[in-house]
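Each chain is listed here by its residues.
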Amino acid sequence: MNNIGKHLKIWLKLDGARLNVWQIAVLLSPIFIWFSYHPVLSFGQGATMNFELSLTLIYVVVLALIGLVQIWQQRRKIIKNRVVWAVGAFVLWSGISLIWTNNFARGVLTFGVLGCLFLVFLAIISAPEKLKKILPSLIKILIISAVIMGILALVQMFVGIWLSRGETLLCAGCVVEQFGFVRPNVFAIEPQFFGSLLITPILLLLYFILTKKTSWKRNFTFIFLSIILVLTLSRGAIFAFGVGALILIILHIREFKKIILSVIFIIASFALALVVQGGAAVINPNFNETFGQTVAKSLNQLSMGIIDFRAKTSPAPTDEKSETEPQYDGYVAESTDVRLKLSKLALETWAQNPSRIIFGVGLGGAGVSMAGQTNDQNAREIVQNEFVEILLERGLVGALLFINLIVGFFIVTRQNKWIWAIITAFLIQWIFFSGLPNALHIYLVLMMFISLRAQSKPAKRS
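Every value quoted in this text rests on a predicted model; they were computed, and no experiment measured them. (Residues numbered from 1 in each chain as written. Predicted model: local features only at pLDDT ≥ 70, side-chain atom pairs only at ≥ 80, totals over all residues. Heavy atoms only, no water.)

**Observations regarding the overall build of the protein**
This is how the line gets drawn: Helix and strand labels come from DSSP, where a helix needs a run of H or I of at least four residues and a strand needs a run of E of at least two; each type is numbered from the N terminus. The reference for a compact globule is 2.2 Å times residues^0.38; the radius of gyration itself is calculated from the C-alpha atoms. Burial classes follow relative accessibility: with a 1.4 Å probe on protein chains only, a residue under 20% of its type's maximum area counts as buried, one over 50% as exposed, and anything between as partly exposed. Two residues qualify as a contact provided that any one of their heavy atoms is within 4.5 Å of a heavy atom in the partner residue. When charges are counted, Lys and Arg are positive and Asp and Glu negative, with His and the chain ends excluded. Here the site of a charge means NZ on Lys, CZ on Arg, CG on Asp, or CD on Glu.
Along the protein, the regular secondary structure elements total 23 helices and two strands. The C-alpha atoms of the protein give 23 Å as radius of gyration, which agrees with the globular expectation for 462 residues (23 Å, within 12%). Structurally, the protein occupies a C-alpha span of about 85 × 60 × 45 Å along its principal axes. Within the protein, buried positions represent 51% of all 462 residues. Of the contacts formed within the protein by residues at least 6 apart in sequence, a portion of 73% connects residues at least 24 apart. Placing the 40 positive and 22 negative side-chain charges of the protein at their respective mean positions leaves the two points 25 Å apart.

**A closer look at a nonpolar patch on the surface**
Our working definition: Think of a patch as exposed residues, more than 30% relative accessible area, with no salt bridge, where like charges cluster within 9 Å and nonpolar side chains (Val, Leu, Ile, Met, Phe, Trp, Tyr) cluster within 5 Å. The accessible surface values rely on the Shrake-Rupley method and a 1.4 Å probe; as for residues, cover is taken only from the protein chains in view. Put simply, a salt bridge is a Lys or Arg side-chain nitrogen that is within 4 Å of an Asp or Glu carboxyl oxygen.
Together, Ile 151, Val 155, Val 159, Trp 162, Leu 163, Val 275, Val 282, Ile 283 and Phe 291 make up an exposed nonpolar region whose accessible area comes to about 780 Å². Those elements that provide at least two residues to the nonpolar patch are helix H9 (128-159) and helix H15 (256-282). Of note, Trp 162 is situated in the loop between H9 and helix H10 (165-168).

**Comments concerning the side chain of Thr 168**
Take Thr 168: it is sitting in helix H10. When near neighbours in sequence (up to four residues on either side) are disregarded, Thr 168 contacts Gln 156, Val 159, Gly 160 and Leu 163.

**Quick notes on helix H4 (residues 55-66)**
The following threshold applies: Residue count minus one, scaled by 1.5 Å, sets the expected span of a helix. In this context, the arc is that of the directions from the helix axis out to the C-beta atoms.
An ideal rise of 1.5 Å per residue puts 16 Å on twelve residues; H4 measures up with 16 Å between its terminal C-alpha atoms. When H4 is considered as a whole, its buried residues turn out to be Thr 56, Leu 57, Tyr 59, Val 60, Leu 63 and Ala 64. Buried positions in H4, seen along its axis, are confined to an arc of 160° and lie on one side of it.

**Thoughts on the state of the cysteines**
The test is simple: Here, the term disulfide refers to a pair of cysteine sulfur atoms separated by no more than 2.5 Å.
Per the stated rule, a full pass over the model turns up one disulfide. Between the sulfur atoms of Cys 171 and its disulfide partner Cys 174 the distance amounts to 1.9 Å. Note on the Cys 171 and Cys 174 pair: the S-S dihedral is about 80°, so by sign convention the disulfide is right-handed. A residue is classified by how much of its surface remains accessible, and Cys 171, at 13% relative accessible area, is buried.

**Comments concerning the pairing of strand E2 (residues 50-54)**
For a regular strand, the rule is simple: side chains alternate between the two faces of the sheet. Filter applied, for reference: The criterion for strand pairing is that DSSP finds at least two bridges linking the strands in question.
Relative to E2, strand E1 (residues 40-45) is paired through four bridges, and the arrangement is antiparallel. Across the sheet, residue Val 40 finds its bridge partner in E2, namely Ser 54. The turn linking E1 back onto E2 is made up of four residues.

**So, helix H18 (residues 333-350)**
The end-to-end C-alpha distance of H18 is 26 Å, a good match for the 26 Å that 18 residues give at a rise of 1.5 Å each. If you check which residues of H18 are buried, you get Thr 336, Arg 339, Leu 342, Ser 343, Leu 345, Ala 346, Thr 349 and Trp 350. Residues of H18 that are buried in the fold lie against helix H12 (191-211), helix H14 (235-251), helix H19 (354-359), helix H20 (366-371) and helix H21 (386-412).

**Considering the pattern of salt bridges**
For the structure on display, the rule yields two salt bridges. Here Lys 77 and Glu 129 are joined by a salt bridge, their closest N and O atoms 4.0 Å apart. A residue pair is termed long-range when its members are at least 10 positions apart, and Lys 77 in helix H6 (residues 75-79) and Glu 129 in helix H9 qualify at 52 residues. The exposure class assigned to Lys 77 is partly exposed, which follows from its relative accessible area of 30%. Put simply, Glu 289 and Lys 297 hold a salt bridge, and the shortest N to O gap is 2.8 Å. This pair shows no difference in class: Glu 289 is buried, exactly as Lys 297 is.

What follows is the structure, given as structure tokens:
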């Protein structure tokens, strides 16, 4: 065991390094973030929320507790940091809004998660030199763990053809009956969240491809993870990656040869992902799907119905639809319509009166408030758009504080503009979902990158 530990330290370039408990806990974060839903500890559900704990959430709580000592030791340094005041103002306003929320239980639990994230942020920003020391190892662990999860995604995709949803941990919208092939979610609740988890390691690899010497291992890993991202069939995650990649390319526009190579890798990854989906559908014994049908179906779904080759690849239509055909044969407008409907309903709920417009309905109150607007709305439902949910729950005050945070993120990281690609990708992701528990990785990644640049200036001696 000692030899294994020694080789592991050498591989991670930590041989001889003295790490404290907090640094070791941070090094484990790229492993724990992947378990955002499975395994899950379920404590049932109430009328307005589900009571569940994931390994990622438990890890964040533990990381927050471990950081308390460091926060106390560096309290004077933390207080002087402007970024801390900006983040703290948003967290404080979220807590104040509990006074008027109509879903106090959900609000308190949400604030508890937000509070733990804030403590983690304080611990990280209190000692950026400790984070810098382990950053290369942290990135290495993240990319290796992403590759492992990518392999599991492929296993899940093909095993899911024969095994049940419960045996493969697939979500309801991931199963083979939907499109004729499985959409992997691995340990996340849905493919879009698994796709979101892949964005950081893929964009980091692209950044290295554009700025470092050519490495076949790096190139292969980038192509492999890009393939896995497309296999999720999550338009939000894929589009977010595309925008992030475009930003990186623009920032390194002088690296013409590397840009051409990167574009070739991205196109090849997309094409290979379609091949994998087509192959998975063809070997499925339960459906009579052709390779061309499957590829046309994927393109139609990813393009929101704009690209349509289905008529050229499908067999002649019959009067009766076979019971063994997949549920969907192309773009599923329902998923987009539901998100738009929820955002519209949330905005209508927010605009009910001046008080709501300014102060919001209170933290955790979105579902109950929206349910009050319509008889068929589930009170456990969330807005599925982080920006609109913040506006509804925390009002214009909270929204302005959040905008201040986002602008501050870009200003703080202006000396390392490549980080903007990751920040922008996550901002796009927030258009497609909301809530903390299933997207904790976003906050952990952002706070780690931001803390590296947000070191407060030393106080002047009098």
